[in-house]
Amino acid sequence: MYRIQGGAKNARPSSASSREAWGNYGGHARPDSQFDFGQKGIRNDPDLAPAAMEDDAAYISNDKPNGKGSTVATTGSKKNPNESCFGKIGSGIRSLWATRQTEDVTGDRELHVKTTLRELLIYLAFLIILCIVTFGMTGTSMYYYTKVMSDLFLDSTSTSGGSFRTITSVEDFWKFAKEPLLDGLYWESWYNNQTVPDEQLGYIYYENKLLGVPRIRQLQVHSNSCVVHADFKDVIRECYESYSESVENKEAFGKKDNYTAWYYRSEDELGGTSYMGQITTYSGAGYVQDLKRLKNESEEIINYLFNERWIRRGTRVLFIDFTVYNANINLFCVVQLTVEFPPTGGAIPHYQLRTVKLIRYVTAYDYFIMACEFILCLFILYYMVEEAIEIKKHKCSYFKSVWNILDILVIVIMLLCVGFNVYRSIKVGDLLKDLLGKPDQHADFVFLSFGQVQFDNAIAVAVFLAWIKIFKYISFNKTMTQLSSTLGKCAKDLAGFAVMFFIIFLAFTQLGYLLFGTQVKDFSNFKQSFFTLFRIILGDFNFDQLEAANRVLGPIFFILFVFFVFFVLINMFLAIINDTYSEVKGDMANQKNEFEITDYFKRGYDKMLSKLHFKHDKIVDIQKALQTADINNDKQVDFDEWRQDLKTRGYADGEIEALFAKYDIDGDRVLDEEEQRKMLSDLNDQKAALNKEYDDLDKMQRPESVARRSTSRVSFNDDSGEDSDGEDSHTKSSRSGPAQGVQYEEFTVLSRRVDRMEHSIGSIVSKIDAVLVKLEAMEKAKLKRRETMGKILDSITESDGTSDEVKREQMERLVREELERWDSESSITPQPGGRGASPSSSGRGGGARSRAGANADIFDSGVFTSHC
């Protein structure tokens, strides 16, 4: 607590000396800074900080015999004043990673909310940067670019009417290769049949640069790669297995001329990668033939391969690879057309068009994204340090939290993306350099495009997890915990239900695969059957296919699946969720409301409002002091009048003297009319600043609290300072408002109130002590009366053989002796503090006399005689 000592008023220095004394006071602010009514406005006042000040200064006025100076004492700060500069820097850096896991916030709900809010704000900044980087790498142009390429190469038809999507045989493939493929790759004339200049050759749709030359590649299996049954060995002499690397044909075949199409090249020689088709996965090796830059030369190669029957019985897959680049939108489109030839015969077309942005930084917006990427790297480093600190503190228990595992997962994904981003930038530069030097070679961007797609997928997953992680920071609100609480409470029930569900679901999956796998595409394999049944749950099914495949078992299968899975199991699942949610809602309704984020903001608002009230109180007090302190009505206020008036209003000597010295320009210890006008002018300016501050708060305040706050708003039209008693009491009461921090002025008022309360409580305690003493004496008297009556009754029963007159006299004597002893004891009983003696004595005396009279009546009535 602050201690304010006052001395004799005659021992004070002059105003000039006081100003000099306060000029440089140990690095602390002058007391009159509490009354700094300058033109800078209320924002400069430390009392108007949103949160309560932790360290306030207390000013202690020590009166010296020689009348010199005042001294100031400050409260001990929470921070160590002897802490070194490096220690302070280290503490500041350490506070950057202060989280709920690294700090002890279990006992302080407000600190918990404050820390959570700080974490949430930092995380939102990270999330915004992550979204900017992610969406900066994509755009609607990617979709339209892919659509244009797919329409050109997949949907263009030949003269016979077939397209790539309709390929079902080798013959269909050659029709596509001769017409739609070559027409799509080579645009050598304008729409008016004029020839395109040589410098503009190699563009698709006249806008998309064909990088290098297209490549055709096939994979084969060798003959006798499978075993023919003995009954058919004489009839079937060759057998070609489904593709696998173990049966892959690596021998040269055909004419073996200068064309490379007849020679096998390994995956390392081609620098290729494996490819997952619809039937199986294929290696990056094979028999390769590159086309040319001109259409007629490429057409010659296609016709040569067609005539020489390049596609044989052992061919299992054929690839057409090429890459185009559009400088208008800075996008690459890596096209890979695939035709699989299964051992059943026929052809299965498949394609992949990957539209990617491999050259990242071209425009000003791209460089803005690069700056955001750099900031994102700083955030990743920040969270790496944060998680390292939490792991160091919690050890293995850190990994028990799902949120912590999610943090680690996001960080790992982001590190992988950063690494690939660097690799891609370097690799694309090398590829383009080689390609520009050798324009007739094939540009293999397949691996880079595949990596870029995986990079985009990883970023998408990271953004998804980052958004989910927001629940970690809003879980302090009980409304926001409904989802996690519901899932957490029903987790065991859902786990048991999941076992039962998947037993039945997998049974239906196998049944559907075995019943319809040979005729219905959706049940052609186990995976397809599994997802088809999920689609049936969602209402996406084709009942006609099932009925056509098996007219009896098809409808039975469908009805049983819908009944057991849809009507029974799904409704059980929903019932578990609904029951648990109802239970969670009931628990939350009975749960005690804890300190939430809305309370935190409301408390901060109330603190600021109470500080504004307190500042207004000081202005009102000074205005009243200027009016009432001039007791002799000489229009001049001397220091004694000023001090006496403000002392009655609860202000300390130090601030009274400092404020007086601020406006006592000539130092004569008297405020003349000019000095008083200057003070009033400053007060009016401060009123205007307060009014502006209240207007700002009006904009921030919630609508439902406008009426409440308007009652406490200051009316600044009364410049005369004549405030009613009601307003005075209101402003005084505002000093004990909701603010938690105790300011120096508040302390001075409250300390006086505490002194008055101690004085009043002291008299109450004394009276309570007297009452307790009386009650104790009455209890003792009651015990003595009981003992005396017992003696009297014993003497009555033991006095056998005596006459009634003798017994009566004996009884009367015993009773009178006892009554006299009670009166003597009551007359010598000490009274505590002399309080309440007369009423007590008279009460006791009256009580004794009543008891004596009552006993006399008893003896006169002959009660004891008849009893005996």
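Computed from a predicted structure; not experimentally measured.

Participant: Teacher, can you tell me more about the side chain of His-350 here?
Facilitator: Structurally, His-350 can be placed in strand 11 (residues 348-356). Engagement of the side chain of His-350 in a polar contact is seen with the side chain of Gln-278, the distance being 3.5 Å. In contact with His-350, other than residues within four places in its own chain, are Phe-164, Tyr-275, Gln-278, Gln-336, Leu-337 and Thr-338.

Participant: What is the right way to read the environment of Thr-260 from this model?
Facilitator: Along the chain, Thr-260 turns up in the loop between strand 4 (208-220) and strand 5 (264-265). For the pair formed by Thr-260 and Gln-289, sequence separation is 29 residues and the distance between their alpha carbons is 5.6 Å. What Thr-260 contacts, discounting residues up to four positions off in sequence, is Val-288 and Gln-289.

Participant: Can you walk me through the packing of aromatic side chains in this structure?
Facilitator: Each aromatic ring pair is summarised here by two numbers: the centre-to-centre distance and the angle between the ring planes. By the definition in use, this model includes 47 aromatic pairs. Aromatic side chains Phe-253 and Tyr-287 sit 5.0 Å apart centroid to centroid with 90° between the ring planes, which places their arrangement in the edge-to-face category. Of the two residues, Phe-253 sits in the loop between strand 4 and strand 5 while Tyr-287 sits in strand 8 (residues 286-290), which places them 34 residues apart along the sequence. Lying across the ring of Tyr-203, Lys-209 places its NZ or CZ 5.1 Å from the centre. When the ring centre of Tyr-383 is taken as origin, the NZ or CZ atom of Lys-469, which lies over that ring, is 5.0 Å away.

Participant: What am I meant to see in the state of the cysteines here?
Facilitator: Covalent bonding between the sulfur atoms of two cysteines is what defines a disulfide. Summed over the entire model, instances satisfying the criterion amount to 1 disulfide. Between the sulfur atoms of Cys-226 and its disulfide mate Cys-239 the distance is 1.3 Å. As the torsion about the S-S bond is roughly -100°, the Cys-226-Cys-239 disulfide counts as left-handed. Note that Cys-226 is positioned in the loop between strand 4 and strand 5 and Cys-239 in the loop between strand 4 and strand 5, a separation of 13 residues in sequence. For the pair shown, Cys-226 and Cys-239 are each scored as buried.

Participant: Mind showing me how you'd approach helix 9 (residues 402-437) here?
Facilitator: For an α-helix the count is 3.6 residues per turn, leaving residues at separations of three or four pointing the same way. Over its 36 residues, helix 9 runs 53 Å from end to end, which matches the ideal 52 Å to within 8%, given 1.5 Å per residue. Two or three places before Trp-403, at the opening of helix 9, Ser-401 has a side-chain oxygen 3.4 Å from that residue's backbone nitrogen.

Participant: Would you explain the environment of Leu-124 in this entry?
Facilitator: Mapped onto the fold, Leu-124 is located in helix 3 (residues 109-135). As for Leu-124 and Ala-466, which are separated by 342 residues in sequence, their C-alpha atoms are 9.7 Å apart.

Participant: Which parts of the structure should I look at to understand the pattern of salt bridges?
Facilitator: Side-chain pairs of opposite charge can arise whenever the charged atoms involved come near each other. A complete count under the given rule lists 17 salt bridges for this structure. In this structure, Asp-151 engages Lys-147 in a salt bridge whose closest nitrogen and oxygen atoms are separated by 3.0 Å. With Asp-151 and Lys-147 both in helix 4 (residues 140-154) and 4 residues apart, this pair spans about one turn of that helix.

Participant: Whenever I open this one, the confidence of the model for the protein chain confuses me. Can you help?
Facilitator: Detailed reading of the predicted model is not advised wherever pLDDT is low. Averaged over every residue, the pLDDT of the protein chain is 76; the share at 70 or more is 70%. Contacts of residues 1-79 to residues separated by more than four positions or lying in other chains number 153 contacts, the stretch itself having pLDDT below 50. Below pLDDT 50 for its whole length, residues 702-740 participates in 63 contacts with residues either more than four positions away or in separate chains.

Participant: Explain a nonpolar patch on the surface here, please?
Facilitator: The grouping of Met-500, Val-552, Leu-553, Ile-556, Leu-560, Phe-563, Phe-564, Phe-566, Phe-567, Val-568 and Met-572 at the surface amounts to a nonpolar patch, some 940 Å² of accessible area in total. Examining the composition of the nonpolar patch, we find that 9 residues originate from one element, helix 16 (residues 553-590), more than from any other. If you trace the backbone, Val-568 turns up in helix 16. With a relative accessible area of 31%, Val-568 lands in the partly exposed category.

Participant: It is not clear to me how helix 5 (residues 170-185) should be interpreted in this structure. Could you clarify?
Facilitator: Along its 16 residues, helix 5 runs 21 Å from first to last C-alpha, staying within 8% of the 22 Å computed at 1.5 Å per residue. Ala-177 marks where helix 5 bends most, by close to 40°; the proline Pro-180 follows one to four residues later. Of all the positions in helix 5, only Phe-173, Trp-174, Phe-176, Ala-177, Pro-180, Leu-181, Leu-182, Gly-184 and Leu-185 are classed as buried. Of the surrounding secondary structure, the elements contacted by the buried residues of helix 5 are helix 4, strand 3 (203-204), strand 4, helix 7 (295-307), strand 9 (315-326) and strand 10 (331-340).

Participant: Hey, could you run me through the nonpolar core in this one?
Facilitator: One broad rule of soluble globular proteins: the nonpolar side chains tend to lie buried together. Counting 45 residues, the largest nonpolar core has Phe-153, Phe-173, Leu-185, Ile-204, Trp-310 and Ile-320 as its most contacted members. Looking at this core, the element that brings in the most residues is helix 5, giving 7 residues. If we ignore the near neighbours within four places in the chain, the residues touching Trp-310 are Ile-216, Arg-217, Gln-218, Gln-220, Phe-253, Ala-261, Trp-262, Tyr-287, Leu-305, Thr-315 and Leu-318. Core analysis: the next-biggest nonpolar cluster, separate from the first, contains 32 residues, Leu-376, Ile-380, Val-410 and Ile-411 among them.

Participant: For this particular structure, what's the right way to read the pairing of strand 9?
Facilitator: Side-chain direction in a regular strand flips from residue to residue, so the side chains alternate between the two faces of the sheet. Burial runs high along strand 9: 12 of the 12 residues are buried. Sheet analysis places strand 4 next to strand 9, joined by 10 bridges and oriented antiparallel. When the sheet's bridge partners are listed, Asn-208 is paired in strand 9 with Asn-326. Alignment of strand 9 against strand 10, held across 10 bridges, turns out to be antiparallel. Looking across to strand 10, one finds that Thr-323 is bridged to Val-334. Between strand 9 and strand 10, which follow one another and run antiparallel, lie 4 residues, and Asn-330 among them has a positive phi close to 55°.

Criteria and cut-off values
Residues numbered from 1 in each chain as written. Predicted model: local features only at pLDDT ≥ 70, side-chain atom pairs only at ≥ 80, totals over all residues. Heavy atoms only, no water. Helix = DSSP H or I, 4+ residues; strand = E, 2+ residues; numbered from the N terminus. Polar contact = N/O pair within 3.5 Å; in protein donor to acceptor, adjacent residues only side chain to side chain. Contact = heavy atoms within 4.5 Å. Phe/Tyr/Trp six-rings, centres within 6.5 Å; stacked < 30°, edge-to-face > 60°. Lys NZ or Arg CZ within 6 Å of the ring centre and 35° of its normal. Disulfide = S-S within 2.5 Å. Buried < 20%, exposed > 50% of the residue type's maximum accessible area, 1.4 Å probe, protein only. Expected span 1.5 Å × (residues − 1). Salt bridge = Lys/Arg side-chain N within 4 Å of Asp/Glu carboxyl O. pLDDT = per-residue confidence, 0-100. Patch = residues over 30% accessible without salt bridge, like charges linked within 9 Å, V, L, I, M, F, W, Y side chains within 5 Å. Areas by Shrake-Rupley, 256 points an atom, 1.4 Å probe, with all protein chains shown as cover. Bend = angle between axes of the 7 residues up to and from the residue. Core = buried A, V, L, I, M, F, W, Y, C linked by side-chain atoms within 4.5 Å. Pairing = 2+ DSSP bridges.

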